[in-house]
Amino acid sequence: MSNFTVVEHPLIQHKLSILRRKDISSKEFRELVNEIGMLMAYEVTRDLPLEDITIETPITTTTAKQIAGKKMAIIPILRAGIGMVDGIHSLMPAARVGHIGMYRDEETLQPVEYLVKLPTDIADRDILLVDPMLATGGSAIMGIDILKKRKAHNIKFVCLVAAPEGVKALQEAHPDIDIYAAALDDHLNEHGYIVPGLGDAGDRLFGTK
Ligand code: PRP
Ligand code: URA
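Overview of the structure. Owing to the predicted nature of the structure, the values given are computational and were not obtained by experimental measurement.

On to the site of ligand 2, then. Taken together, the residues surrounding ligand 2 are Arg104, Met133, Ala135, Gly192, Tyr193, Ile194, Gly199, Asp200 and Ala201. Isoleucine 194 is positioned with one of its backbone polar atoms (N or O) 2.8 Å from an oxygen atom of ligand 2. Between ligand 2 and the protein, one listed contact pairs an oxygen atom with a backbone N or O atom of alanine 201 at 2.8 Å. Protein contacts shield 89% of the accessible area of ligand 2, which totals 240 Å² for the unbound molecule. Most atoms of ligand 2, that is more than half of them, are within 2 Å of grid points of the largest pocket.

A few words on helix α5 (residues 164-173). All of the buried residues along α5 are Gly166, Val167, Leu170 and Gln171. The buried residues of α5 all sit within an arc of 125° when viewed along its axis, so they share a single face.

Looking now at the sheet that holds strand β11 (residues 161-162). The three strands are arranged β9-β11-β13 in an open sheet whose pairing can be described as parallel. Across the chains shown, the open sheet's two edge strands, defined by having one partner strand only, are β9 (133-134) and β13 (183-184). Bridge count between β11 and β13: two bridges; the pairing is parallel. Residue pairing in the sheet places alanine 162 in a bridge with leucine 184 of β13.

Turning next to the packing of helix α4 (residues 138-149) against α5. Put simply, α4 and α5 touch, their axes get as near as 9 Å, and they point 25° apart. In terms of orientation, α4 and α5 fall into the roughly parallel class. The handedness of the crossing between α4 and α5 comes out as right-handed. On α5, the residues that touch Ala140, Ile141 and Ile144 of α4 are Ala169, Leu170 and Ala173. Counted by class, the contact of α4 with α5 contains six nonpolar, no polar and no charged residues.

Attention shifts here to the nonpolar core. It is characteristic of soluble globular proteins that their nonpolar side chains tend to be buried jointly. In terms of nonpolar packing, the biggest core is built from 37 residues, with Leu19, Met40, Leu128, Val158 and Leu160 touching the most fellow members. At the level of elements, α1 (10-20), α2 (26-44), β4 (72-78), α3 (82-91), β8 (126-130) and α6 (201-206) are the ones that each hand at least two residues to this core. Here this core gets seven residues from one element, more than from any other, and that element is α2. Contact partners of valine 158, with chain neighbours within four places excluded, come to Met40, Val44, Met84, Leu128, Leu129, Val130, Asp131 and Tyr180. By size, the runner-up hydrophobic cluster in this structure holds 25 residues, among which are Ile77, Met102, Ile144 and Ala152.

Neighbouring ligand 1 are 16 residues, the closest being Arg104, Asp131, Thr136, Gly137 and Ser139. In this structure, alanine 80 approaches ligand 1 through a main-chain N or O atom, which is 3.1 Å from an oxygen atom. Residue serine 139 places a side-chain N or O atom 2.6 Å away from an oxygen atom belonging to ligand 1. Relative to its unbound accessible area of 500 Å², ligand 1 is 91% covered by the protein chains. More than half of the atoms belonging to ligand 1 lie within 2 Å of the grid points that define the largest pocket. Those elements that provide at least two residues to the shell around ligand 1 are β4, β6 (99-104), β9 and α4. Taken together, the residues of the shell around ligand 1 sort by class into seven nonpolar, five polar and four charged.

Rules used in this analysis
Residues numbered from 1 in each chain as written. Chains lettered and ligands numbered in written order. Predicted model: local features only at pLDDT ≥ 70, side-chain atom pairs only at ≥ 80, totals over all residues. Heavy atoms only, no water. Near = heavy atom within 4 Å. Polar contact = N/O pair within 3.5 Å; in protein donor to acceptor, adjacent residues only side chain to side chain. Areas by Shrake-Rupley, 256 points an atom, 1.4 Å probe, with all protein chains shown as cover. 1 Å grid on protein atoms, 1.4 Å probe; cavity = no way out; pocket = protein on both sides within 12 Å on 5 of 7 lines; lining within 4 Å. Sits in = over half its atoms within 2 Å of the grid points. Buried < 20%, exposed > 50% of the residue type's maximum accessible area, 1.4 Å probe, protein only. Helix = DSSP H or I, 4+ residues; strand = E, 2+ residues; numbered from the N terminus. Arc of directions from axis to C-beta. Pairing = 2+ DSSP bridges. Axes fitted to C-alpha atoms, helices over the stretch in contact; angles between N-to-C directions. Parallel < 35°, antiparallel > 145°, perpendicular 65-115°, else oblique. Left-handed = near helix turned anticlockwise from the far one by under 90°. Contact = heavy atoms within 4.5 Å. Nonpolar A, V, L, I, M, F, W, Y, C, P; charged D, E, K, R; others polar. Core = buried A, V, L, I, M, F, W, Y, C linked by side-chain atoms within 4.5 Å.

Below you can see the structure in the form of structure tokens.
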């Protein structure tokens, strides 16, 4: 079974509590999603391999560390995943960004795919698939299906708020994928929204409701 990690860092937890409040502006919401995404990336990339290099400081020659040639890709699930990209990208500016567009049908709660645009060498990259919300798990499962169909194999799923139902479904569908969240919430309501959650992440990011 895949690993499920809740990133407990105090900065993440503090910012997430502000993000949940219904009275913050769309601007504040965007800033917080971006910041939490960046802080999550710090934890998620903890296992990147390092190699030794020789460098010249102003004083002497020394051995130092660098990340060992990993090619990364950040793939947001549209729309809400877009809100997490800039923060992560600022930490790993050489990463390529791909996009997977899908929305949940409001009646069936099933994801509907409308766009896939990925780096051509996606199979060779370590992938961070990002979406703030893991609710039923349908969107994440379909996103990973799409990536695996293109021979991508090293994928981590990074979200902010997860429901137990979504974690279970994703672990069953893709037991090889590690899942990271800032919080594991209580349950889904009858409309498939996470409780306590933070509402509709896409609408809050882009001010569409
Ligand atoms: C939200 C969210 C996830 C999905 C999670 O997207 O950003 O992609 O729902 O739900 P699931 O785990 O049940 O699939 P939404 O469909 O609202 O689209 P949007 O981001 O364009 O608003
Ligand atoms: N999508 C969201 O944006 N929020 C939820 O609570 C569930 C799915």
